[in-house]
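Chain and residue survey
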Amino acid sequence: MNLLLVDSMTWTITVLGWFIVFVALVFLIGVFLTVPKLLNWGIKRSLRKKNKSTEKVEQADDTVVITGETNAAIAMALHMYFNEQHDEESNVITIKEVKKRYSPWSSKVYNFNNVNFPR
Amino acid sequence: MKRFITLFGVLSLLFSLQFIGGGFEAFAAGGAGAGDTFLEHASKGLETFWKFTGFYNLMDNPANLIMIGVGLFFIFLAIKYDYEPLLLVPIGTGVILGNIPFMEGYKIGLYEEGSVLNYLYFGVQQGIYPPLIFLGIGAMTDFSSLISNPKLMILGAAAQVGIFATFLGASALGFTPQEAGAIGIIGGADGPTAIFLSSKLAPSLMGAIAIAAYSYMALVPVIQPPIMRLIIPKRERLIKMKPPRAVSKVEKIMFPIIGLLLTTFISPSALPLLGMLFFGNLLKESGVTERLADTARNAMINIVTILLGITVGASTQADYFLTTDSLKIFGLGAVSFMVATAGGLFFARLMNTFLKGDNKINPLIGAAGVSAVPDSARVVQHEGLKSDPNNHLLMHAMAPNVSGVIGSAVAAGILLSFLM
């Protein structure tokens, strides 16, 4: 393997290709760093329209922020609660009688040929 | 009982009459020659049958036995060590199927036009299956860790160095630019992308490329940890990252739409892959198409995985597959995985030099930049726990992991646009 023998086109594709991948993802990073700010700005703006001061909104923001860990704990608690609910049963035991209705379908009597049956 | 015996007797008499008639005719034609004709026919029939058997045809292609051994080894790895069983069992079975020797010309083999396997292989040849797999991946992937910490996306780009380094290496080994591009994508650690690109750029090498990509993806837990331990010092492996913030539903819905628009505008050649990936994610996150998302991430991806695995496996017929080129591809694939992992790890360390305090990242997550989802993220979690049993890195590692999928698809698009 001799990298010096590789033509310039290959080197161009290598360098430029990696660079474009970087640019594409850096571009995405930029967008996704901006989106939450825009959303927050939109929320603040709508709240301001409802005659609420920015300070109040900021205060509300501080109190509203819930970390992922807290969310996970709440979700786990709810999950366990709902799962355990299954164990609480009515304690009423009902035995239902199983009715067997007659049906000629697969009736045993039709499986035998009664004519000329040796006795 | 009497009736039964009578009926049986009449039937056997009728059955034997035709032989008696035939026997008379044969006797009239050639006397004692009738017995010879029967034996001749029988031996001819047996000879034809023998020529149709795999045992006879194996004499022409004894190398098929090696490939059958490879197929059995894949199945063994999948069942015994649980290495990507959903892929290795269909591929292993496909390798066995594709290497059973048969008489050509009867529409049996994968490369014979009109055969059943050939029809199934159409989805691979024309790059139909990979986008459908991407649809399923999109519908089952949660991008919230990426949305909450977008800067980790850069690690997904850094790990794509494996693709371009392998492209360079393959060119230096004498492969044509198109073949080198198709081989390079193995470094993306993304099976469907590798199949998609090789079907367009180098269909003749697709079997080897796909098998190399999937084999190394299955071996991620073996390949990555030593490189991680080599590059990342112990004290850096202990870094604890702050938990990701909660992501709102609007952000989750906007992600696939913005991602689709941006990435496909930059690299339209990867439209089938990226389009399906983000479409699948939109089905999942929109909250109003749960039935479609459910089908995409369960039934459909399972069906396509079966078809893809079995046909890719069957495409490795010994006479097409056992070449020096395949060996080179396997060697390059191994190197590309290592380079990609190292690229992600080094870049993560580099990022840390610019980050302060709480914002520092655990450089181990750089290894998840290769897009073997979710295996490499799982390896990072495992390695993190080895250094500190309370340090859970899985959620953080998922961000570079899924951005690696996007990065490798973008890279595939770039290679396509340069080399088509």
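Because the structure is predicted, anything quoted here is derived from the model rather than measured.

**So, the environment of Leu 155 of chain B**
All names here are of chain B. When you line up the elements, Leu 155 lands in helix α9 (residues 153–158). For the pair formed by Leu 155 and Ala 367, sequence separation is 212 residues and the distance between their alpha carbons is 8.4 Å. If near-sequence neighbours (up to four positions away) are discounted, Leu 155 is found in contact with Gly 344, Phe 347, Ala 348, Met 351, Ile 361, Ile 365, Gly 366, Gly 369 and Pro 400.

**A closer look at the side chain of Asn 362 of chain B**
Tracing the chain through its elements places Asn 362 of chain B in the loop between α20 (324–354) and α21 (375–387). Only 2.9 Å separates the side chain of Asn 362 of chain B from the backbone oxygen of Arg 237 of chain B, close enough to count as a polar contact.

**Digging into a nonpolar patch on the surface**
On the surface, Ile 74, Leu 78, Tyr 81 and Phe 82 of chain A cluster together into a nonpolar patch covering about 420 Å² of accessible area. Within the element layout of this structure, Phe 82 of chain A appears in helix α3 (residues 68–85).

**Focus: the interface of chain B and chain A**
Each partner contributes residues to the interface: chain B has 41 residues there, and chain A has 32 residues. Inspection of the region where chain B meets chain A yields zero salt bridges. If you list the elements that add at least two residues to the side of chain B that touches chain A, you get α9, α10 (161–172), α16 (249–266) and α22 (394–419) of chain B. Grouping the amino acids of the side of chain B that touches chain A by side-chain chemistry returns 28 nonpolar, nine polar and four charged.

**Observations regarding helix α13 (residues 206–218) of chain B**
Residues spaced three or four apart along an α-helix point in a common direction, a consequence of the helix completing one turn every 3.6 residues. Taking 1.5 Å of rise per residue, 13 residues should cover 18 Å, and α13 of chain B covers 18 Å from first to last C-alpha, within 8% of that figure. Within α13 of chain B, 13 of the 13 residues are buried, which leaves it mostly tucked inside the rest of the structure.

**What to know about the UniProt feature "transmembrane region" (unreviewed entry) in chain A**
UniProt's entry tags residues 15–39 of chain A with the feature "transmembrane region" (unreviewed entry), counted in the numbering of this structure. As annotated, residues 15–39 of chain A comprises 100% helix and 0% strand, and the C-alpha atoms at either end are separated by 36 Å.

**Describing the packing of aromatic side chains**
Residue and element names in this part refer to chain B. A full pass over the atoms with the stated rule returns 16 aromatic pairs over all chains. Relative to Phe 278, the ring of Phe 255 lies with its centre 6.0 Å away and its plane at 65°, an arrangement referred to as edge-to-face. A residue pair is termed long-range when its members are at least 10 positions apart, and Phe 255 in helix α16 and Phe 278 in helix α17 (residues 271–286) qualify at 23 residues. Across the pair, Phe 278 and Phe 255 agree in class, each one buried.

**Structural notes on unusual backbone geometry**
All names here are of chain B. Phi angles above zero are rare outside glycine, and Asp 82 is one such case at about 60°. Of note, Asp 82 is situated in the loop between α4 (64–81) and α5 (85–98). For Asp 82, a relative accessible area of 55% translates into the label exposed. Its identity as a non-glycine residue notwithstanding, Lys 107 has a phi of 55°, on the positive side. Looking at where Lys 107 falls in the secondary structure, it is placed in the loop between α5 and α6 (116–125).

Criteria and thresholds
- Residues numbered from 1 in each chain as written.
- Chains lettered and ligands numbered in written order.
- Predicted model: local features only at pLDDT ≥ 70, side-chain atom pairs only at ≥ 80, totals over all residues.
- Heavy atoms only, no water.
- Helix = DSSP H or I, 4+ residues; strand = E, 2+ residues; numbered from the N terminus.
- Contact = heavy atoms within 4.5 Å.
- Polar contact = N/O pair within 3.5 Å; in protein donor to acceptor, adjacent residues only side chain to side chain.
- Patch = residues over 30% accessible without salt bridge, like charges linked within 9 Å, V, L, I, M, F, W, Y side chains within 5 Å.
- Areas by Shrake-Rupley, 256 points an atom, 1.4 Å probe, with all protein chains shown as cover.
- Salt bridge = Lys/Arg side-chain N within 4 Å of Asp/Glu carboxyl O.
- Nonpolar A, V, L, I, M, F, W, Y, C, P; charged D, E, K, R; others polar.
- Expected span 1.5 Å × (residues − 1).
- Buried < 20%, exposed > 50% of the residue type's maximum accessible area, 1.4 Å probe, protein only.
- UniProt positions renumbered as here; feature names shortened; annotations may be inferred.
- Phe/Tyr/Trp six-rings, centres within 6.5 Å; stacked < 30°, edge-to-face > 60°.

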